[in-house]
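# Chain and residue survey
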Amino acid sequence: MSDPWLILGAGSIGALWGIRLHQAGKTPTLLLRPEALGRYEGLTLSGEGKFCLPAVSAETIVHPISRLLVCCKSHQTLSALSDIAPHLAPNATVVVVQNGMGVAEQLQKKYPQWQLFSGTTTNGAHRSAPFTITPAGRGDTLIGSLTGNFRQAETLAESLSCPGFPVNACSDITEALWQKLAINCAINPLTVRYRCRNGELLSNPAAYRDLQQVCEEFFQLSVALGRESWVENLLDTVTEVACKTAANRSSMLQDVEAGRATEIEAITGYVCGIAADAGIDIPVNQTLYQDIRQLHPATR
Ligand code: PAF
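Below you will find a few notes about this structure.

Reading the values: the criteria
- Residues numbered from 1 in each chain as written.
- Predicted model: local features only at pLDDT ≥ 70, side-chain atom pairs only at ≥ 80, totals over all residues.
- Heavy atoms only, no water.
- Near = heavy atom within 4 Å.
- Polar contact = N/O pair within 3.5 Å; in protein donor to acceptor, adjacent residues only side chain to side chain.
- Areas by Shrake-Rupley, 256 points an atom, 1.4 Å probe, with all protein chains shown as cover.
- Helix = DSSP H or I, 4+ residues; strand = E, 2+ residues; numbered from the N terminus.
- Nonpolar A, V, L, I, M, F, W, Y, C, P; charged D, E, K, R; others polar.
- Phe/Tyr/Trp six-rings, centres within 6.5 Å; stacked < 30°, edge-to-face > 60°.
- Buried < 20%, exposed > 50% of the residue type's maximum accessible area, 1.4 Å probe, protein only.
- Axes fitted to C-alpha atoms, helices over the stretch in contact; angles between N-to-C directions.
- Parallel < 35°, antiparallel > 145°, perpendicular 65-115°, else oblique.
- Left-handed = near helix turned anticlockwise from the far one by under 90°.
- Contact = heavy atoms within 4.5 Å.

### Things to note about the site of the ligand
Within the structure, the ligand sits among N99, K180, N184, I187, N188, N198, V241, S250 and S251. Note that an oxygen atom of the ligand is positioned 3.2 Å from one of the side-chain N or O atoms of K180. When the ligand sits alone it has 280 Å² of accessible area, and the protein chains cover 86% of it. At 4 residues, helix α6 (residues 173–193) tops the list of elements feeding residues into the shell around the ligand. Classifying every residue of the shell around the ligand gives 2 nonpolar, 6 polar and 1 charged.

Below you can see the structure in the form of structure tokens.
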């Protein structure tokens, strides 16, 4: 039998996933910082109760970690992993699921010995207090290998899949990540600009104009990169997501409202970097990038 998963990042998605795995009898363990471990008394899921998943901190781990599911925010990942890297087995399996792009590639360069997988989820949840979450709509989760090992991704998807949190393997995870990046690029910064829920981006004429422009710029960049088939009908896709999640506050708006750093670097910042390298002008995204990164010094 394979080793159970350790979950790094007990925010909304990590906690929800952990609870669903625990309910399915897959015995995940939370990996917490020592100060968080001191406060931890179980995870609470609104409407369903408390779940006492085991939790450890890296310092107290006896055996090297062989399977790590990383659900922390993109801007926290590199430093969190450099702290725990000495506790990982040399060929550990590491699955990174978060908004944005770029971090998994950096990890791959820094830790070529790990078996690295990347993932994306449309499951919704928000954290109302530490270790307390509310689910906000069921979605799908895809994972895949950045180096294209589909067989292994299938095995991992099976072990991470559970009722209430289905996971599938994806043969081209870069395409799936690019599609999710497009959605996050359109919805997240604009919900911050207009301080609104996702659905209001469609009913507010100024916000909707911005949404159209962000999508058009993203599409033009995709054309320049030969990725246009990945984001055909982007505005329709974004509109559908905004409709389905109309009542949600985007993760970026939640971060801004809570005074936390945002994922703007791995979302719009990543896209602006790619556009600059390709010599493509994306002024609306550029302005959003500058505006949002001003909001929290730790984002820079
Ligand atoms: O980051 C988020 O909030 C979500 O990925 C999405 C899809 C924009 C829905 O709120």
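### Comments concerning the packing of aromatic side chains
As enumerated under the stated definition, the model contains 4 aromatic pairs in all. Their ring planes at 10° and their centres at 4.5 Å tell us that W17 and F165 sit as a pair that is stacked. With W17 in helix α1 (residues 12–23) and F165 in the loop between α5 (150–160) and β12 (167–169), this pair connects stretches of sequence that are 148 residues apart. Judged on exposure class, the residue W17 and its partner F165 are both buried. Ring geometry for Y111 and W114: centres 3.9 Å apart, planes at 10°, overall stacked. By relative accessible area, which is 8% here, Y111 ends up buried.

### Some points on the packing of helix α8 (residues 205–224) against helix α9 (residues 234–244)
For any two helices packed against each other, one specifies the inter-axial angle together with the distance between the axes. Packing of α8 against α9 leaves a shortest axis separation of 9 Å and a crossing angle of 135°. With respect to α9, the element α8 is oriented oblique. Crossing of α8 against α9: the hand is right-handed. Residues Y208, L211, Q212, C215 and F218 of α8 form the contact with α9, whose own contacting residues are L234, L235, V238 and T239. When its residues are assigned to classes, the contact of α8 with α9 shows 7 nonpolar, 2 polar and no charged.

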